[in-house]
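Survey of secondary and tertiary structure
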There are 2 protein chains.
Amino acid sequence: MKNYCFGIDVGGTTVKMGLFRTDGQLLDKWEIPTRTEEGGKAILPDIAAYALAKLVEKDIARDDVAGIGIGVPGPINAEGVVPHTANLGWGYKEVTKELSELTGVVCKGGNDANVAALGEMWKGAAAGHRSGVMVTLGTGVGGGIIVEGQIIVGANGAGGEIGHIHVDDEIPGLCGCGNQGCLEQVASANGIVKLARWMAQENGAEETVLELETMTAKDIWDAVKDGDAFADKVAERFGRYLGLALANIASTVDPEVFVIGGGMSKAGPVILDYIKKYYVKYTFKGCRDAEFVLATLGNDAGIFGSAKLVIEE
Amino acid sequence: MKNYCFGIDVGGTTVKMGLFRTDGQLLDKWEIPTRTEEGGKAILPDIAAYALAKLVEKDIARDDVAGIGIGVPGPINAEGVVPHTANLGWGYKEVTKELSELTGVVCKGGNDANVAALGEMWKGAAAGHRSGVMVTLGTGVGGGIIVEGQIIVGANGAGGEIGHIHVDDEIPGLCGCGNQGCLEQVASANGIVKLARWMAQENGAEETVLELETMTAKDIWDAVKDGDAFADKVAERFGRYLGLALANIASTVDPEVFVIGGGMSKAGPVILDYIKKYYVKYTFKGCRDAEFVLATLGNDAGIFGSAKLVIEE
């Protein structure tokens, strides 16, 4: 059994890199810029160079490296091929094949939201569970479905695209995906702000500490904690949409645990209370006892999950 | 490699049994009554006796039997234990352990809707696909989710309980599960009849060939085919609910194919048209090209899928 591996999380601005022992211990982590110019052609060579340099620095033999796992912001199939990843500049790219040729080490790839879910299942909030669903409430709503320790990638790389579950015909405007009524439109950090404005329009002006034009998701959750009645109504509606979506996911894959992560999860346990209230209302009775936990790995979830891709149990 | 196996499908009235070659050829099939009296204590001994007798009849050595797969109408966990199956008379029962002791052959178990899905994926409408979702439109709405050739059983045996996806807050009455607004309330054979009556009440009397008090699901689909305007509206609403539920499943597990089965699927391809229309509207764009097919194995799906449980690929 080899003793080391790398977990890589490629973002549009920086690439996060981690060197791990295969027992899951994070030995070192660092970031490099994501050079997206010229079709992002430097991204994989940069990663390879920094990984190999780290081996020299740590006096680790390449033969003792089990592999390199890499998470990318977009669909990637089981063969490690991305059709197109706009924010990296990539067109069609055989990511794991190229990175493997550059490093001489086995590589495996996954979608960033999916590997973050795998990371939280392995060493984060859901450690010890075999099946779980992670929801990332950030600029958008991402997700990852883990069953028996494996990511559900899906036939089109769309497994865990839970931000695009349809929750309401009445939501104003369109989602970034082109559809109308997606969970992301009301449950992302941007979405909850739009939800609050929509509710204010629907119901007429209500007394609230919130500045409707300039408020952020954090402002809304702060107001909830301060007992603002309007913010509470917004949180209830947010909880209803997300609780409904998770209930319907439960009737499909019946996970042991739901992990709530992403920037908005920093609001803390209060966010779980609003989600669970509606989850319990809508879910199939056999699934009512699923656990709800907040993510614990933060921005490191991606490097942990990517590393796990190359570690056999 | 052993050459034979059994697929068993236990129902509340009859047990369907099949003897297969492990390449998937069905050699013989037959039914025996399900003796539910006295806590259903005779069910497994009956199955064992008929299976062993069939081996004698066919002059097959027990050593040449790869195993017995058994589908049961209710939750069954990965260890082959059912907590309670009301319509078989069973309380807690170690199904596969008992059947294995009775026969001297390896046994594996699954939920009936899940094994039917596995059967259709193996030798039925979705043969050749690695991932698929089967929906059974019968007295209720059942389902099974297959990913990479494996059933998603779920933490509580509720994987694929897609009849209990919540689709509408306004549906009158309660589902058998105790919730309100489940897909099953409007998309099962009973459900579509109730849906039609609800719509007739909502909209006032419309001209229709349907007799609202006595109509069946078949009557509704016959009327759809005859161009009845009210029946068409009912089919649209049915299609919207089911298409929405399947779209949301796609954003979770992203299957290659959806298989529509159960008694109501005998209405034929027209039923797919109504479902697909709304599936395409609601689903994430990456999942729009999923195939929709009608089940082909009919009542044999369960014995095929049960047999597949004991066959390694």
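Check the entry above for the structure.
Notes on the structure in this doc start here. (Residues numbered from 1 in each chain as written. Chains lettered and ligands numbered in written order. Predicted model: local features only at pLDDT ≥ 70, side-chain atom pairs only at ≥ 80, totals over all residues. Heavy atoms only, no water.)

1. Examining the overall build of chain A
Broken down by element type, chain A carries 10 helices and 12 strands. Taking 313 residues into account, the globule formula puts the C-alpha radius of gyration at 20 Å, and chain A, at 20 Å, falls close to it. A total of 313 residues make up chain A; the buried ones form 58% of that total. Taking the contacts inside chain A whose residues are at least 6 apart along the sequence as the reference set, 61% of them involve residues at least 24 apart. With an accessible surface of roughly 12600 Å², chain A has 48% of that area assigned to carbon and sulfur atoms. Distance from the positive charge centre (28 side chains) to the negative charge centre (42 side chains) of chain A: 3 Å. (Helix = DSSP H or I, 4+ residues; strand = E, 2+ residues; numbered from the N terminus. Rg over C-alpha atoms; globule rule 2.2 N^0.38 Å. Buried < 20%, exposed > 50% of the residue type's maximum accessible area, 1.4 Å probe, protein only. Contact = heavy atoms within 4.5 Å. Areas by Shrake-Rupley, 256 points an atom, 1.4 Å probe, with all protein chains shown as cover. Lys, Arg positive; Asp, Glu negative; His and termini not counted. Charge placed at Lys NZ, Arg CZ, Asp CG, Glu CD.)

2. Quick word on the interface of chain A and chain B
Taken together, the 39 residues of chain A in the interface contact 39 residues of chain B. Of the roughly 2900 Å² buried between chain A and chain B on both sides combined, carbon and sulfur atoms contribute 53%. Three residues stand out in chain A for area buried against chain B, namely T252(A), D254(A) and F284(A), and they jointly supply 20% of the buried area on that side. Applying the counting criterion to the chain A and chain B interface returns 0 salt bridges. In this structure, the connection of chain A to chain B is made through 26 residue pairs in polar contact (both at pLDDT 80 or more). Looking at the side of chain A that touches chain B, the element that brings in the most residues is helix α8 (residues 229-253) of chain A, giving 8 residues. Taken together, the residues of the side of chain A that touches chain B sort by class into 17 nonpolar, 14 polar and 8 charged. (Buried area = accessible area lost by both parts, 1.4 Å probe. Salt bridge = Lys/Arg side-chain N within 4 Å of Asp/Glu carboxyl O. Polar contact = N/O pair within 3.5 Å; in protein donor to acceptor, adjacent residues only side chain to side chain. Nonpolar A, V, L, I, M, F, W, Y, C, P; charged D, E, K, R; others polar.)

3. Topic: the packing of aromatic side chains
To describe a pair of aromatic rings, one takes the distance between the centres and the angle between the planes. This structure, assessed with the given rule, holds 16 aromatic pairs over all chains. Ring geometry for W221(B) versus F238(B): centroids 5.4 Å apart, planes at 80°, classification edge-to-face. With W221(B) in helix α7 (residues 217-225) and F238(B) in helix α8 (residues 229-253), the pair connects residues that are 17 residues apart, well separated along the chain. Like F238(B), W221(B) is buried. Counting every residue linked through ring pairs, the aromatic cluster contains F20(A), W122(A) and F304(A). (Phe/Tyr/Trp six-rings, centres within 6.5 Å; stacked < 30°, edge-to-face > 60°.)

4. What to know about the relation of the copies chain A and chain B
Look at the two chain copies: a rotation about an axis and a shift along it is all it takes to match them. For the pair chain A and chain B, the superposition axis carries a translation of 0.0 Å, the fit reaches an RMSD of 0.0 Å, and the rotation angle comes to 180°. Read as a symmetry element, the transformation amounts to a two-fold axis. Distance from the rotation axis, computed per C-alpha, reaches its smallest value in chain A at I249(A): 3.6 Å. A symmetric contact is evident, with 100% of the interface residues of chain A recurring at the interface of chain B. (Least-squares fit on C-alpha atoms with pLDDT ≥ 70 in both.)

5. Side note on the pattern of salt bridges
Considering all chains together, one arrives at 30 salt bridges over all chains under this definition. Note that E236(A) is salt-bridged to K277(A), the shortest N-O span being 3.0 Å. Here E236(A), found in helix α8, pairs with K277(A), found in helix α9 (residues 269-282); they are 41 residues apart in sequence, far enough to count as distant. Judged by its relative accessible area of 47%, K277(A) is partly exposed. Its salt-bridge partner being E38(B), residue K41(B) comes within 3.2 Å of it at the nearest N-O pair. Beyond isolated ion pairs, a larger network of salt bridges with shared partners links D28(A), K54(A), E57(A) and K58(A).

6. Digging into α7(B)
Residues spaced three or four apart along an α-helix face the same direction, because each turn holds 3.6 residues. Residues and elements named next belong to chain B. All of the buried residues along α7 are A217, I220, W221, A223 and V224. Down the axis of α7, the smallest arc covering the buried residues is 155°, so these residues share one side. Against the buried residues of α7 lie α6 (189-203), α8 and α9 (269-282). Phi for G227, located one or two positions after α7, is positive at around 85°. (Arc of directions from axis to C-beta.)

7. A word on the nonpolar core
W221(A), F238(A), L246(A), W221(B), F238(B) and L246(B) are the most contacted members of the largest nonpolar core, which has 124 residues in total. Discounting chain neighbours no more than four positions away, the residues touching L246(B) are V135(B), F258(B), I260(B), I275(B), Y279(B) and F292(B). (Core = buried A, V, L, I, M, F, W, Y, C linked by side-chain atoms within 4.5 Å.)

8. Re the sheet that holds strand β8 (residues 132-137) of chain A
All names here are of chain A. One open sheet accounts for 5 strands, arranged β10-β9-β8-β11-β12; its pairing is mixed. For this open sheet the edge positions go to β10 (150-151) and β12 (291-294), each flanked by a neighbour on one side alone. In terms of strand pairing, strand β9 (residues 141-147) meets β10 through 2 bridges, oriented antiparallel. The residue bridging V147 from the neighbouring strand is Q150, located in β10. (Pairing = 2+ DSSP bridges.)

9. Quick word on unusual backbone geometry
One non-glycine residue, E38(B), lies in positive phi territory at about 55°. For E38(B), a relative accessible area of 60% puts it in the exposed group.

10. Considerations on the packing of α8(A) against α8(B)
Viewed as axis vectors pointing N to C, α8(A) and α8(B) meet at an angle of 75°, and their least axial separation amounts to 10 Å. Considering their axes alone, α8(A) and α8(B) lie roughly perpendicular with respect to each other. Contacts between α8(A) and α8(B) pair I249(A), T252(A) and V253(A) from the former with I249(B), T252(B) and V253(B) from the latter. For the contact of α8(A) with α8(B), the residue count by class is 4 nonpolar, 2 polar and no charged. (Axes fitted to C-alpha atoms, helices over the stretch in contact; angles between N-to-C directions. Parallel < 35°, antiparallel > 145°, perpendicular 65-115°, else oblique.)

11. A look at the sheet that holds strand β1 (residues 4-10) of chain A
All names here are of chain A. Ordered by their spatial adjacency, 5 strands build an open sheet running β3-β2-β1-β4-β7, and the pairing between neighbours is mixed. Among the strands making up the open sheet, the edge pair consists of β3 (26-33) and β7 (107-111). Mean inter-strand twist for the sheet, computed between neighbouring axes without regard to direction, equals 15°. Sheet analysis places strand β4 (residues 65-72) next to β7, joined by 5 bridges and oriented parallel. The partner of G69 across the bridge, within β7, is K108. Along the sheet, helix α10 (residues 301-309) makes contact with β1, β2 (14-21), β3, β4 and β7, crossing β1 at roughly 130°.

The values reported here are purely geometric and, on their own, carry no functional implication.
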